[in-house]
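For reference, the chains in residue letters:
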Amino acid sequence: MIEDAMLLRKPDFLSFVKFAGFSTFSGLVTHYLMNPREKTVVNETNVVVATGCDSGLGYSMVLHCHEKLRMSVVACVHQLNSTGALKLKKMFENSDRFRMIELEITEDESISEVKKFVNDLLETNKELELTALVNNCGVMVFGEAEWQTNKIIDQQINVNLNGTIKMTTAMLPLIRKHKSRIINVTSHCGFRNLPTLSVYGATKAGIMSYTEGLRLELQQYGVDVVEFIPGSFVMNSNITANQLVYAAEMRDSFDEEQKKFYGEYFDRLNMYLSAISGEKDPQMLPNPLIMSTFEEALLETPPKRRYICEPWRYKWYHLLFRISPTPLADWLVNKFINLPRFNPKAIRN
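Everything in this summary refers to the structure shown in the same document. Note that the structure is a prediction, hence the values are computed from the model and not measured. (Residues numbered from 1 in each chain as written. Predicted model: local features only at pLDDT ≥ 70, side-chain atom pairs only at ≥ 80, totals over all residues. Heavy atoms only, no water.)

### Let's talk about the pattern of salt bridges
Phase 1: Counted under the stated rule, the structure contains 16 salt bridges.
Phase 2: Residues E295 and K68 are paired through a salt bridge, measuring 3.5 Å at the closest nitrogen-oxygen approach. Separated by 227 residues along the polypeptide, E295 in helix α9 (residues 288–299) and K68 in helix α2 (residues 56–68) bring together distant segments of the chain.
Phase 3: Residue classification places E295 among the buried positions, given a relative accessible area of 9%.
Phase 4: Residues E123 and K177 are paired through a salt bridge, measuring 3.4 Å at the closest nitrogen-oxygen approach. Here the residue E123 occupies a position in helix α4 (residues 108–124), and K177 occupies one in helix α5 (residues 150–178), the gap between them amounting to 54 residues. (Salt bridge = Lys/Arg side-chain N within 4 Å of Asp/Glu carboxyl O. Helix = DSSP H or I, 4+ residues; strand = E, 2+ residues; numbered from the N terminus. Buried < 20%, exposed > 50% of the residue type's maximum accessible area, 1.4 Å probe, protein only.)

This is the structure we're talking about:
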């Protein structure tokens, strides 16, 4: 009798599962058809505050917002006399939609000065509204975990993670008032870390988690929080400009055993990385897809939780990373980054 009852229930249960699945699918399709994402129309009254604007992504975002979107911009630069800051100042010296302020994101006082600067701007010009805060400041140092000094580790954590959190916290009263959008720039390394980027990737994973929690907290206040992953543009940015300086600091911190064990490999790796070291002339990023994706993150309503810009080969790599057994995934990661590898036979006597 029990078996007969189970057989009678089984079709009913399967029918329920099919009905629930169809209803969910239909509901999602209906929701997205009836609520398409549209881009908010912006003009000179919309203000974007962006950090890390001396070069690379931040520099390009300033140009895009000011020139293409015709928005007002507050560019936070690390140094007012940096090459990128001077170029922006000269380019927009006659613009009433461009402001610049120096920001040392590891210093609370400097963050407070930026908050006051933006608050005074909005109080003085009542027609302006704060549309978005873009947290873009970042430091990337290539080097295995054992090599990185406490100073280098602290710098990446304090700029990438702590700086993003503190800058956001300071600006939240203004953000709540204007119902602004928060855009946190993260990295593919937050999903799948890479050899020699363990510390950097950890900070980006931290920002991802912070962004997720913040998004859920601020929904009730009408504030959107999104994540922007711009893909690889190291060769067009100064995020690794001081790589060889950091390498010298790491080498100087080695004890005799580490010099003997890592010496040849360390030198060979940093010779390879020398191509990404040194300051580059700030320019608009050559890949237009990065800026179009950023524009979606800035203006789409309702926004997605995450905006990713990546070529198709990246999509395939990351899919393989997720579905492959660990040994295969690790092999793929090393092939993906294609850095010089340790050679045990080359240990110095």
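On we go.
### As for the environment of T124
Phase 1: The topology assignment puts T124 in helix α4.
Phase 2: You can call T124 exposed: its relative accessible area is 63%.
Phase 3: Looking at T124, its side chain comes within polar contact range of the main-chain oxygen of D120, at 2.7 Å. (Polar contact = N/O pair within 3.5 Å; in protein donor to acceptor, adjacent residues only side chain to side chain.)

### Re a nonpolar patch on the surface
Phase 1: A contiguous nonpolar patch, built from W312, W316, L319, L320 and I323 and spanning about 580 Å² of accessible area, is present on the exposed surface.
Phase 2: Structurally, L320 can be placed in helix α10 (residues 312–323). (Patch = residues over 30% accessible without salt bridge, like charges linked within 9 Å, V, L, I, M, F, W, Y side chains within 5 Å. Areas by Shrake-Rupley, 256 points an atom, 1.4 Å probe, with all protein chains shown as cover.)

### Structural notes on the environment of L218
Phase 1: Its place among the elements puts L218 in helix α6 (residues 198–218).
Phase 2: Note: C-alpha distance between L218 and R176 (42 residues apart in sequence) is 8.4 Å.
Phase 3: If near-sequence neighbours (up to four positions away) are discounted, L218 is found in contact with L172, I182, V223 and V225. (Contact = heavy atoms within 4.5 Å.)

### With respect to the pairing of strand β3 (residues 72–77)
Phase 1: For β3, the tally of buried residues reaches six of six residues, placing the bulk of the element in the interior.
Phase 2: Burial of β3 is two-sided: the residues S72, V74 and C76 facing one way and the residues V73, A75 and V77 facing the other way are all buried.
Phase 3: Bridge count for strand β2 (residues 46–50) against β3 is four bridges, and the pairing is parallel. Along β3, the bridge assignment pairs V49 with V74.
Phase 4: At this point the chain moves from β2, through α2, to the parallel β3, and the crossover so formed is right-handed.
Phase 5: Considered for its hand, the β-α-β crossover made up of β3, helix α3 (residues 83–91) and strand β4 (residues 98–102) is right-handed. (Pairing = 2+ DSSP bridges. Right-handed = clockwise from strand over helix to strand, strands pointing away.)

### A look at the packing of aromatic side chains
Phase 1: Taken as a whole, this structure holds 12 aromatic pairs when the rule is applied.
Phase 2: On the basis of an interplanar angle of 80° and a centroid distance of 5.5 Å, the ring pair of W147 and Y262 is categorised as edge-to-face. Of the two residues, W147 sits in the loop between β5 (129–135) and α5 while Y262 sits in helix α8 (residues 256–273), which places them 115 residues apart along the sequence. Note on accessibility: W147 and Y262 belong to one class, buried.
Phase 3: Arranged with centres 5.8 Å apart and planes meeting at 85°, the rings of F321 and F336 form a pair that is edge-to-face. Of the two residues, F321 is situated in helix α10 and F336 in helix α11 (residues 326–337); the sequence distance between them amounts to 15 residues.
Phase 4: The exposure class of F321 is buried, given its relative accessible area of 4%.
Phase 5: Clustering of aromatic rings is evident, with ring pairs tying together W147, F254, F261, Y262, Y265, F266 and F342. (Phe/Tyr/Trp six-rings, centres within 6.5 Å; stacked < 30°, edge-to-face > 60°.)

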